[in-house]
Amino acid sequence: MGDVLDIIVKRLALGAVTLLVISIIIFGMVELLPGDVAQAILGQGATAENLAALRARLGLGDPAIVRYFDWLGGAVLGDFGRSAVTDTPVGDLIGPRFANTLFLACYAAVIAVPLAITLGVIVALLRNTIFDRVANVATLTAISSPEFFLGYILILYLSVKTGYFPAIAKLSSDMTFLDLLHRTFLPALTMVLVVVAHMMRMTRAAIINLLASPYIEMARVKGMPAWKVIVKHALPNAWAPIINVIALNLAYLITGVVLVEFVFVYPGIGQLLVDSVTKRDFPIVQACCLIFAATFILLNLAADVLSILTNPRLRHKK
Amino acid sequence: MTEKKKEVLLQIKGLRIEGYSDDKWTEIVHGVDLTLHRGEVMGLIGESGAGKSTIGLAAMGFARDGCRISGGSVEFDGMELTTTPERDRRALRGSRIAYVAQSAAASFNPAHRLIDQHTETPTHYRIMKRMESQEDAMQLYERLRLPNPQEIGFRYPHQVSGGQLQRAMTAMAMACRPDLIIFDEPTTALDVTTQIEVLLAIRDIVEQFNTAAIYITHDLAVVAQMADTIKVLLKGNEVEESDTRSMLANPREDYTKSLWAVRSFQRDQKTRPTGDVAPVVSVQNVDAAYGKTKVLDNVSFDIHAGMTVAVVGESGSGKSTTARCITGLLPPTKGKVLFKGEELPASYKSRSKEQLRQAQMIYQMADTALNPKVRICDIIGRPAQFYSGLKGGELKSRVDELLDMIELEPSKYYYRYPTELSGGQKQRIGIARALAANPTFIICDEVTSALDQLVAEGILKLLDRLQKELNLAYMFITHDLATVRSIADEVVVMKQGQVVEQGPKDEMFTPPHHPYTDLLLSSVPEMDPDWLSRVVDERGVDNIGEAADTSA
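Predicted model only: the values in this text are computed from it and were never measured.

So, how was this worked out
- Residues numbered from 1 in each chain as written.
- Chains lettered and ligands numbered in written order.
- Predicted model: local features only at pLDDT ≥ 70, side-chain atom pairs only at ≥ 80, totals over all residues.
- Heavy atoms only, no water.
- Phe/Tyr/Trp six-rings, centres within 6.5 Å; stacked < 30°, edge-to-face > 60°.
- Helix = DSSP H or I, 4+ residues; strand = E, 2+ residues; numbered from the N terminus.
- Buried < 20%, exposed > 50% of the residue type's maximum accessible area, 1.4 Å probe, protein only.
- Patch = residues over 30% accessible without salt bridge, like charges linked within 9 Å, V, L, I, M, F, W, Y side chains within 5 Å.
- Areas by Shrake-Rupley, 256 points an atom, 1.4 Å probe, with all protein chains shown as cover.
- Salt bridge = Lys/Arg side-chain N within 4 Å of Asp/Glu carboxyl O.
- Domains from an automatic or database assignment.
- Contact = heavy atoms within 4.5 Å.
- Buried area = accessible area lost by both parts, 1.4 Å probe.
- Nonpolar A, V, L, I, M, F, W, Y, C, P; charged D, E, K, R; others polar.
- Core = buried A, V, L, I, M, F, W, Y, C linked by side-chain atoms within 4.5 Å.
- 1 Å grid on protein atoms, 1.4 Å probe; cavity = no way out; pocket = protein on both sides within 12 Å on 5 of 7 lines; lining within 4 Å.
- Points joined across faces, edges and corners; volume = space filled by probe spheres on them.
- Polar contact = N/O pair within 3.5 Å; in protein donor to acceptor, adjacent residues only side chain to side chain.
- Pairing = 2+ DSSP bridges.
- Expected span 1.5 Å × (residues − 1).
- Axes fitted to C-alpha atoms, helices over the stretch in contact; angles between N-to-C directions.
- pLDDT = per-residue confidence, 0-100.

(A) Just the packing of aromatic side chains, in detail. All names here are of chain A. If you walk through the whole model with that rule in mind, you get 11 aromatic pairs over all chains. With 5.9 Å between their ring centres and 45° between their planes, Phe-103 and Tyr-107 make a pair best called tilted. Here Tyr-107 and Phe-103 lie together in helix α5 (residues 90–125), a separation of four residues that amounts to about one turn. For Tyr-107, a relative accessible area of 13% translates into the label buried. Linked through ring pairs, Phe-27, Tyr-68, Phe-69 and Trp-71 together constitute an aromatic cluster.

(B) Representation of a nonpolar patch on the surface in the model. Residue and element names in this part refer to chain A. On the surface, Phe-148, Phe-149, Tyr-152, Ile-153, Leu-156, Tyr-157, Val-160 and Leu-259 cluster together to form a nonpolar patch covering roughly 750 Å² of accessible area. Counting residues per element, the nonpolar patch draws most heavily on helix α7 (residues 147–160), which supplies seven residues. With respect to the secondary-structure elements, Phe-149 resides in helix α7. Its relative accessible area of 42% is what places Phe-149 among the partly exposed residues.

(C) Spotlight on the domain arrangement of chain B. All names here are of chain B. Considered domain by domain, chain B is made up of domain 1 (11–110 + 180–259) and domain 2 (281–371 + 437–510). Each of domain 1 and domain 2 has a C-alpha centre, and the two are 36 Å apart. Taken together, the contact pairs seven residues of domain 1 with six residues of domain 2. Summed over both sides, the interface between domain 1 and domain 2 buries roughly 740 Å², with carbon and sulfur atoms accounting for 41% of that surface. Per-residue buried area on domain 1 facing domain 2 is highest for Glu-47, Asp-191 and His-218; these three make up 53% of the total on that side. Taken together, domain 1 and domain 2 are joined by zero salt bridges. Looking at the side of domain 1 that touches domain 2 residue by residue, the classes come out as one nonpolar, four polar and two charged.

(D) Geometry of the nonpolar core. If you look at the biggest cluster of nonpolar residues, it comprises 83 residues, and the most contacted ones within it are Leu10(B), Leu34(B), Tyr141(B), Leu180(B), Ile182(B) and Ile214(B). At eight residues, helix α8 (residues 192–208) of chain B tops the list of elements feeding residues into this core. The contact partners of Leu10(B), leaving out residues within four places of it in the chain, are Leu34(B), Thr35(B), Leu36(B), Ala59(B), Val74(B), Glu75(B), Phe76(B), Leu180(B) and Ile214(B). Counting residues in hydrophobic clusters, the runner-up holds 78 residues, among them Ala38(A), Val192(A), Leu211(A) and Ile269(A).

(E) Structural detail: the layout of surface pockets. Residues and elements named next belong to chain A. Approximately 600 Å³ is the volume found for the second largest pocket. Residue lining of the second largest pocket: 26 residues in total, with Leu-58, Arg-67, Phe-282, Pro-283 and Gln-286 positioned closest to the centre. Elements supplying a minimum of two residues to the lining of the second largest pocket: α1 (2–32), α3 (48–58), α4 (64–76) and α14 (282–309). At four residues, the largest contribution of residues to the lining of the second largest pocket is made by α4. Residues that form the lining of the second largest pocket fall into these classes: 10 nonpolar, six polar and 10 charged.

(F) A look at the interface of chain A and chain B. At the junction of the two partners, chain A supplies 21 residues and chain B supplies 28 residues. Interface area for chain A against chain B, summed over the two sides, is near 2,500 Å², with a carbon-plus-sulfur share of 55%. It is Met218(A), Val221(A) and Lys222(A) in chain A that bury the most area against chain B; as a group they hold 25% of the surface buried on that side. Applying the counting rule to chain A against chain B returns four salt bridges. Across the pair Glu120(B) and Lys232(A) runs a salt bridge whose closest N-O atoms are separated by 3.4 Å. Counting across the interface, chain A meets chain B through 14 residue pairs in polar contact (both at pLDDT 80 or more). Take the side of chain A that touches chain B: its biggest share by element is six residues, from helix α10 (residues 214–221) of chain A. Taken together, the residues of the side of chain A that touches chain B sort by class into eight nonpolar, four polar and nine charged.

(G) Quick look at the sheet that holds strand β14 (residues 334–339) of chain B. Residues and elements named next belong to chain B. The strand order across the open sheet built from four strands is β12-β11-β14-β15, with neighbouring strands paired in antiparallel fashion. The sheet terminates laterally at β12 (293–303) and β15 (342–343), the two strands that pair on one side only. Pairing between β14 and β15: two bridges, direction antiparallel. Note that in β15 the partner of Phe-339 across the bridge is Glu-342.

(H) Highlighting helix α15 (residues 376–388) of chain B. Residue and element names in this part refer to chain B. Over its 13 residues, α15 extends 18 Å from the first C-alpha to the last, a length consistent with the 18 Å expected when each residue adds 1.5 Å. The complete set of buried residues in α15 reads Ile-376, Cys-377, Ile-379, Ile-380, Gly-381, Pro-383 and Ala-384. Those residues of α15 that are buried are in contact with α16 (392–405), α17 (410–413) and α18 (423–436). Phi turns positive one or two residues past the end of α15, at Gly-389, with a value near 65°.

(I) Representation of the sheet that holds strand β13 (residues 308–312) of chain B within the structure. Residues and elements named next belong to chain B. The sheet built from six strands is open, its strands ordered β16-β17-β18-β13-β19-β20 with mixed pairing. Each edge of the open sheet is held by one strand with a lone partner, namely β16 (359–362) and β20 (498–504). Taking the axes of each pair of neighbouring strands and ignoring which way they run, one obtains an average angle of 20° across the sheet. Of the strands in this sheet, β16 and β17 (441–445) touch α18, which is tilted by about 175° from β16. Packing against the sheet, helix α19 (residues 453–470) makes contact with β13, β16, β17 and β18 (473–478), and its axis sits at approximately 160° to β18.

(J) The pattern of salt bridges, seen in detail. One pass over the full model with this rule turns up 40 salt bridges over all chains. Here Arg204(A) ties to Asp132(A) by a salt bridge, and the two come within 2.7 Å at their closest N and O atoms. Remark: Asp132(A) occurs in helix α6 (residues 130–144) and Arg204(A) occurs in helix α9 (residues 185–210); sequence separation between them is 72 residues. Owing to a relative accessible area of 3%, Asp132(A) belongs among the buried residues under this scheme. The residue Glu469(B) makes a salt bridge to Arg465(B) at a minimum N-O spacing of 2.9 Å. Of this pair, Glu469(B) and Arg465(B) both sit in helix α19, four residues apart, which is roughly one turn of the helix. In this structure, a network of salt bridges that share partners links the residues Glu7(B), Arg38(B), Asp77(B), Arg96(B) and Asp179(B).

(K) Looking closely at the confidence of the model for chain B. All names here are of chain B. Of all residues in chain B, 97% have pLDDT values of 70 or greater, and the mean over the chain is 86. Contacts for the low-pLDDT stretch residues 1–5, under 50 throughout, to residues beyond four places or in other chains number seven contacts. Counting interchain partners and residues more than four positions distant, the pLDDT-below-50 stretch residues 547–552 has six contacts.

(L) Inspection of the side chain of Arg89(B) at higher detail. All names here are of chain B. Relative to the assigned elements, Arg-89 resides in helix α2 (residues 86–92). Taking the relative accessible area as the measure of exposure, Arg-89 reaches 16% and is therefore buried. Discounting residues that sit within four places of it in the chain, Arg-89 has contacts with Gly-61, Leu-81 and Thr-84.

What follows is the structure, encoded as structure tokens:
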């Protein structure tokens, strides 16, 4: 197990370096946005004094490298600065939004991951049957449709026509947890539909890939029924690729949901990011991007560690 | 034993099996009959493609994916398996008919401990409770002479050696005390010294429980030790069947006789050139390590032009590692490798193209050593182009010439893909690829061990002819002493990373030997049904796989 710790520490260090590189890229990209920031924020009618005052507040007079290190120094301590538009601390703006996004991602993941793996196992078991084809076509259709389209279809059938679920996922502080689940069900379901296909197909492929192994034939000639051969003998050896795909999809649930949030008017971080880009609120844009990058890195790290833990060769040394 | 033997346990009649390939079903077993009595052991022998494993599995009412039983009957203890529903057939497998696979290392699930795999069938079919079965497993481990029988089952397959795994798999087959066990080449992947342990363990336990067995192998000497009767198969047909002793003494059919007579190939032993000639390759006091584990310890030997040096030893003895040091894939931690008297840089990365060209390799698994997506002309043409800079028509005629050398017709094979060739042909392509660089030295790493004996003999003859024509030096890595006997000029015996003995072949095969060499030599099964019993008497049951204390 010491080796696993070793790997975690090394990967964390590497992740930190990656994050640093990404911070430079993010900062550089925001710098490259055309036009004058102060002008964009205040609009055409701004007076010269107002512009100058805003530039001074934002520190735009300083060279880029100084501003970068100011920002980085703050970010390391958790202080992402203040909004260029409203002057409120970025942390206060992002915090609740990010929590909402995380909640929705977890909600979708709790449904999607077990569903995808179960379906994957079942289609592997019933491979090349009608069920396999139908499941493949259905999930591929879901993944190929634009998210907003899926969202609107769900609204049409599960909200407008039947009234089972609300079409707008507005949150209020006096909701019970059940209310919350009910109100956010449609956006969560949309996201489930988007991510299930990928994970299910990887589960199926990883299992089928192992079916030619001698130990699978052994399990069969030992008289094990087909479901036991797959669940007990193939699946434990198929985790590594499945886990990696799950991690990618979880990251997508957090970072790729702008459209879903938009369709359901859900107050998540994606909407905030889009708003901030149009408003040129660069401290928020930078913070959001950094959070997204960290999410990707952490989830991939978790996937690597879990893959190692599922491999008995690495868990139990000779 | 004689009385019990009369009761028929398995009766196969006119068994036909089809395999699915190239979008059609082709018959691969053409009406084979087989009768097995309780407690009887039948050996099935033949080359690859004879249908041995397919018939063995059919005896369990099982067909591999892409195979189907298309005719005939398989009657096990009064039950017709070809018409029984799959559910009932499945209930027989593991409990009344068990299977022991060729490679235990690949056939144990890497994700579960041995004991969990052992108790799976008994508990699934409620034949035993988990704890009962676990206790029983430990007793079986003990009977099979596994070390630490109380503890070994709680290990994962990768934590146990190949010979021990093969015995654990035999124990697993015994878990429900089946009436019949199918042994499918259970010792083929093992070293001779490990093989003898496993053979003895299998023979004893089958006798103790009076279990009937079908023993599948291509090794006649092995089957002679294990079987009461032998059935010879060729391309899905029965050639002949009779009891072991008369089969060995008096084979009737020509094909059987030809199997008996393999390894007739023998070439004259060459001696080193006299005078002060630098050897082609000289390995001098080489140490090597994988990470912190030392795997080679002070290895030294010379290989002269036009000569074959066989490097023998068990797996893990450092044979292939030595080859990696010579080719520079693994830089030695100490010592050096000289090529025609000149020291080679330790790593292949710092060697010149000319130095790289001189030493080439041929691998054990031609299947995996040839890129399946590349045509033969490119597989052979690439090194010819890389090392000699040939292009266009010159390159084509060079490839044609190389194909001629390996006795494959250029016009027929030039544009083919490796997957369209047989095992022996693929290995020939591997040889041509090595020759394309125009080397003076070739490392042959177990090049014949994956091939049938007759095909292997063809490869050995080819290598010998090429050696004479091109004055090549060979380093021939093998664990098969029969191969050594037929082609080597000098022998290097390795054990645990050290050279324990080396010298000209005839000296190595005449006593007195180093005790380890003696152990290797005397562990090679002989075509005598009493050989195993004799060796047991000589060495004792517990030291069967270990060197005698005193050298002969």
